[in-house]
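Close look at the chain arrangement
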There are 2 protein chains.
Amino acid sequence: MKDIARHAGVSQSAVSFALNGRPGVSEGTRDRVRQVAEELGWRPSTAARQLSGEGAATVGFVLARPADTLGVDSFFLQLVSGIQEVLAERHLGLLFQVVEDVDDECAVYRRWWAEHRVDGVLVVDPRTADPRPDLLDQLGLPAVVIGGAPDERHPGLSTVWADDAGAMASVVDELYAHGHRRIVHIAGLPGLAHTERRIRTLRAEAERRSLSEVESVTTDYSDAEGAAVTRRVLGRPAPPTALIYDNDVMAVAGVATAAELGFSVPADVSVLSWEDSALCRMVKPWLSALSRDSVEFGRTAARELTALVDGGPARTVRVPVPQVIVRDSTGAARAPA
Amino acid sequence: MKDIARHAGVSQSAVSFALNGRPGVSEGTRDRVRQVAEELGWRPSTAARQLSGEGAATVGFVLARPADTLGVDSFFLQLVSGIQEVLAERHLGLLFQVVEDVDDECAVYRRWWAEHRVDGVLVVDPRTADPRPDLLDQLGLPAVVIGGAPDERHPGLSTVWADDAGAMASVVDELYAHGHRRIVHIAGLPGLAHTERRIRTLRAEAERRSLSEVESVTTDYSDAEGAAVTRRVLGRPAPPTALIYDNDVMAVAGVATAAELGFSVPADVSVLSWEDSALCRMVKPWLSALSRDSVEFGRTAARELTALVDGGPARTVRVPVPQVIVRDSTGAARAPA
DNA sequence: GCAAGAACCTAATGCGTATTAGCAACTAAT
DNA sequence: ATTAGTTGCTAATACGCATTAGGTTCTTGC
């Protein structure tokens, strides 16, 4: 800015006024200053800006996953892609970090906030008994929880969520209508809030219909566990007629395993993936799946966070319920022999 | 720091000396200051630090991909995971951005550097006729190119690369030894440096052996194009006996397509994936694949970047050649009828 | 023709840290 | 006993920007 001032023959203050659209400088001078700034390729130093009161112009995103679990997962890249779209408009940066577990994640939040590195954070994979909302509340770090249930205990946090429970209920409705009575839900990580929500809802729906042979089994989301559980439950004397997998990776592994065991999909067993992706159309039969717009999910979350950072109120917004895309892996239950 | 100084009864300078391990303060005072800082939960403001000469303590990573291409790709998350491991040790942040194309990517580099937001960047997906190395050279922005060939035209840039050409040569060796004479390489995006390297090497190897029915076809890496190309080449009067796919997604799509067309893998046609992931073990037969350690790739790149940022010389380091993991999708060519 | 006000600009200050220069008290060497 | 050197600290300054308080000229109203 000193250089610009010199080139334009004015003071640094005038330059600041001119470039920030403040009054106190004539239009002629303003244009001249702008032009010089342009020529010099000037951009304000974020550090200096931040030091004089502005925010860090950055939001944080922490992914707490062991490196080897990071494998095939289209959800996060799409989510991030949507987040970026919104952040880019406002020239906000995204500080990204991968850590091992939630404790490390908390440590990262503490550090980021103490160092004034971020203006807010996006929190994913909310859990039951999650230490993060308390911490964020205590720190006063603006945050949007992605995928959690509405949480009235932390009025400072925004929440963006999809109605997993409603989706599960309608899935069960559908399966029941097609004659399915024995259903196994190959769930994701225990402890994740949405895993527990789905499990609870499934149990409730089963009880409502007095179905005794309906259950959920938790896994680590890996193809290996997906296959193992599939093998186990299909090996029973009265195997399930419908399998609900909490992600696409396990669903694909499950279909392969079913085929090995001589089960035909969907004639012998229906398969539904709770995550839609290219994967679902890469196996035969194509997998029916619950589809959500992850990119839009990210956009919504980012919008909420920017609103929060700008001093807006915390809100709880619901994104559309995931829709079942019926492909070739689901059908009516085989009539009992 | 003002608070710490007050609590400890010394000047701010003393606090700075004490906390940064500088001489000019007694051990007693140093300990006292440290303790007060600890109690107050003090962490230096990165903005202020940066303003007084330190770097931004951040490196940048731009992914230039349309949102819908981001789908199933394990490579990047693993790469980033490795990068993070190294950066976390030194408390460096990773500023991440997804953009549409290389031009946008260049704009991001300009802005980041002008705003002093990053100390260096990691560049992925190098291309033929890539504008980025020139730009980075011109800007003086420290950078590590990941996956490019050694580039003596830009001595300021570090390069971390795998020997694709060597890997392709050995793959052809292997296939030739097993009797394959008609080989189709379903390549990735034209314009990507490693795509072109593989294509060139394949052609050279074919010429060396006077094989006329060897070719490469470029694609957009999608399962759709992978399937389409597979369908086309297997429909020929003399279909290839070996298919090399530049990623796992296309390989899987290719196997499914081959099965549809009545080709048995590997009896009628061998399939090799140039990317290993859980996907390769999710289809039958399990796919033989070229495997590389993407996490270690990321670590290496991050290490080179930190060295560069610390003022070290630019280097060109080679990571181990990808190894062929032989599974069930490759075998001897069927003897000509 | 003079005061009041507006328009345009400059000077000065602060943000939180690192660093340099300076200063006092004490120690070692001549 | 005086000087030179060392130790342990404080004061002052810079970093790049935003902002607030001043200051000059120009215009307007009576």
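To keep things clear, this report deals only with the structure shown in the data block.

Digging into the overall build of chain A
For chain A, the count of helices and strands is 12 helices and 12 strands. Taking 20 Å as the expected radius of gyration for a compact globule of 337 residues, we find that chain A reaches 26 Å, considerably beyond that expectation. Once the C-alpha set of chain A is aligned to its principal axes, its extents read approximately 95 × 40 × 35 Å. Looking at the 337 residues of chain A, the share that counts as buried comes to 55%. For chain A, the proportion of contacts with a sequence separation of at least 24, taken over those separated by at least 6, is 69%.

Describing the state of the cysteines
According to the stated counting rule, one finds 0 disulfides over all chains in the structure shown. As a non-bridged cysteine, Cys280 of chain B has Cys280 of chain A as the owner of its nearest cysteine sulfur, 17 Å distant.

Focus on the packing of helix α5 (residues 74-89) of chain B against helix α12 (residues 294-309) of chain B
Residue and element names in this part refer to chain B. Running from N to C, α5 and α12 cross one another at 45 degrees; their axes reach a closest spacing of 7 Å. Considering their axes alone, α5 and α12 lie oblique with respect to each other. The interaxial crossing formed by α5 with α12 has right-handed handedness. When α5 is examined against α12, the residues Phe75, Gln78, Leu79, Gly82, Ile83, Glu85, Val86 and Leu87 are found in contact with a partner set consisting of Ser294, Val295, Phe297, Gly298, Arg299, Ala302, Arg303 and Thr306. Here the residues of the contact of α5 with α12 sort into 8 nonpolar, 5 polar and 3 charged.

A word on the protein's contact with DNA strand C
Neighbouring residues of DNA strand C: 26 residues in total, closest Ser11, Ser13, Ser26 and Thr29 of chain A together with Arg22 of chain B. Of everything in DNA strand C that lies within 4 Å of the protein, sugar and phosphate atoms constitute 59%. Backbone polar atom of Met1 of chain B to a phosphate oxygen of DNA strand C: 3.3 Å apart, as the coordinates give it. Ala48 of chain B places a main-chain nitrogen or oxygen 3.5 Å from a base nitrogen of DNA strand C. Secondary-structure elements contributing two or more residues to the surface near DNA strand C are α2 (12-19) of chain A together with α2 (12-19) and α4 (46-51) of chain B. Here the surface near DNA strand C gets 4 residues from one element, more than from any other, and that element is α2 of chain B. By residue class, the composition of the surface near DNA strand C is 11 nonpolar, 12 polar and 3 charged.

Some details on the interface of chain A and chain B
The interface is formed by 48 residues belonging to chain A together with 46 residues belonging to chain B. Between chain A and chain B, the buried area comes to about 4300 Å², and carbon and sulfur atoms account for 64% of it. Put simply, chain A and chain B have 5 salt bridges between them. Close ionic contact of Glu260 of chain A with Lys284 of chain B constitutes a salt bridge, the shortest N to O distance being 3.3 Å. At the surface where chain A touches chain B, the tally comes to 16 residue pairs in polar contact (both at pLDDT 80 or more). Looking at the side of chain A that touches chain B, the elements that each hand over two or more residues are α4 (46-51), α5 (74-89), β2 (93-99), α6 (102-114) and α11 (248-260) of chain A. Looking at the side of chain A that touches chain B, the element that brings in the most residues is α5 of chain A, giving 7 residues. Class assignment of the residues belonging to the side of chain A that touches chain B gives a composition of 24 nonpolar, 15 polar and 9 charged. When β2 of chain A meets strand β2 (residues 93-99) of chain B, the two strands line up antiparallel, connected through 2 bridges. Paired with Leu95 of chain A across the strands is Leu95 of chain B, a residue of β2 of chain B.

So, the nonpolar core
Within the largest apolar cluster, 54 residues are counted, with the highest numbers of intra-cluster contacts made by Phe61 and Leu79 of chain A together with Phe61 and Leu79 of chain B. Those residues in contact with Phe61 of chain B that lie beyond four places of it in its chain are Phe76, Leu79, Val80, Ile83, Leu94, Leu95, Phe96, Gln97, Trp112, Leu122 and Val124 of chain B. With 53 residues, the next largest nonpolar core counts Leu192, Val249 and Met250 of chain A together with Val271 of chain B among its residues.

Focus: the environment of Gly254 of chain A
Along the polypeptide, Gly254 of chain A turns up in helix α11. Those residues in contact with Gly254 of chain A that lie beyond four places of it in its chain are Thr230 and Tyr245 of chain A.

Thoughts on unusual backbone geometry
Residue and element names in this part refer to chain A. Pro266 follows Val265 through a cis peptide bond whose omega is 5 degrees. Considering the arrangement of structural elements, one finds Pro266 in the loop between α11 and β9 (270-273). Pro285 follows Lys284 through a cis peptide bond whose omega is -5 degrees. Relative to the helices and strands, Pro285 resides in the loop between β9 and β10 (288-291).

Some words on the protein's contact with DNA strand D
In the region of DNA strand D, 25 residues are neighbours, and Arg22 of chain A together with Ser11, Ser13, Ser26 and Thr29 of chain B sit closest. Counting only the atoms of DNA strand D within 4 Å of the protein, the fraction contributed by sugar and phosphate is 60%. Residue Arg22 of chain A places a side-chain N or O atom 2.6 Å away from a phosphate oxygen belonging to DNA strand D. With respect to DNA strand D, the backbone of Ser26 of chain B contributes an N or O atom lying 2.6 Å from a phosphate oxygen.

A closer look at the pairing of strand β6 (residues 183-186) of chain A
Residue and element names in this part refer to chain A. Burial of the side chains of β6 extends over both faces: Ile183 and His185 are buried on one face and Val184 and Ile186 on the other. The sheet contact formed by β6 and strand β7 (residues 214-217) spans 4 bridges and is parallel. Counterpart to His185 in the pairing with β7 is Ser216. The parallel pair β6 and β7, bridged by helix α9 (residues 193-208), forms a crossover whose chirality is right-handed. By the bridge criterion, 4 bridges tie β6 to strand β8 (residues 242-245) in an arrangement that is parallel. Bridging across to β8, Ile183 finds its partner in Ala242.

Thoughts on the packing of α2 of chain A against helix α3 (residues 27-40) of chain A
Residues and elements named next belong to chain A. At their nearest, the axes of α2 and α3 sit 9 Å apart, and the two run at 90 degrees to each other. Classed by the angle they form, the pair α2 and α3 counts as roughly perpendicular. When α2 is examined against α3, the residues Val15, Phe17, Ala18 and Leu19 are found in contact with a partner set consisting of Arg30, Val33, Arg34 and Ala37. Classifying every residue of the contact of α2 with α3 gives 6 nonpolar, no polar and 2 charged.

Notes on the environment of Glu205 of chain A
Residues and elements named next belong to chain A. By secondary structure assignment, the location of Glu205 is in helix α9. The exposure class assigned to Glu205 is buried, which follows from its relative accessible area of 11%. In this structure the C-alpha to C-alpha distance between Glu205 and Asp173, which are 32 residues apart in sequence, comes to 8.5 Å. Other than its neighbours up to four places away in sequence, Glu205 contacts Ala169 and Val172. Within polar-contact distance, the side chain of Glu205 engages the side chain of Arg208 at 3.0 Å.

What counts and how
Residues numbered from 1 in each chain as written. Chains lettered and ligands numbered in written order. Predicted model: local features only at pLDDT ≥ 70, side-chain atom pairs only at ≥ 80, totals over all residues. Heavy atoms only, no water. Helix = DSSP H or I, 4+ residues; strand = E, 2+ residues; numbered from the N terminus. Rg over C-alpha atoms; globule rule 2.2 N^0.38 Å. Buried < 20%, exposed > 50% of the residue type's maximum accessible area, 1.4 Å probe, protein only. Contact = heavy atoms within 4.5 Å. Disulfide = S-S within 2.5 Å. Axes fitted to C-alpha atoms, helices over the stretch in contact; angles between N-to-C directions. Parallel < 35°, antiparallel > 145°, perpendicular 65-115°, else oblique. Left-handed = near helix turned anticlockwise from the far one by under 90°. Nonpolar A, V, L, I, M, F, W, Y, C, P; charged D, E, K, R; others polar. Near = heavy atom within 4 Å. Polar contact = N/O pair within 3.5 Å; in protein donor to acceptor, adjacent residues only side chain to side chain. Buried area = accessible area lost by both parts, 1.4 Å probe. Salt bridge = Lys/Arg side-chain N within 4 Å of Asp/Glu carboxyl O. Pairing = 2+ DSSP bridges. Core = buried A, V, L, I, M, F, W, Y, C linked by side-chain atoms within 4.5 Å. Right-handed = clockwise from strand over helix to strand, strands pointing away.

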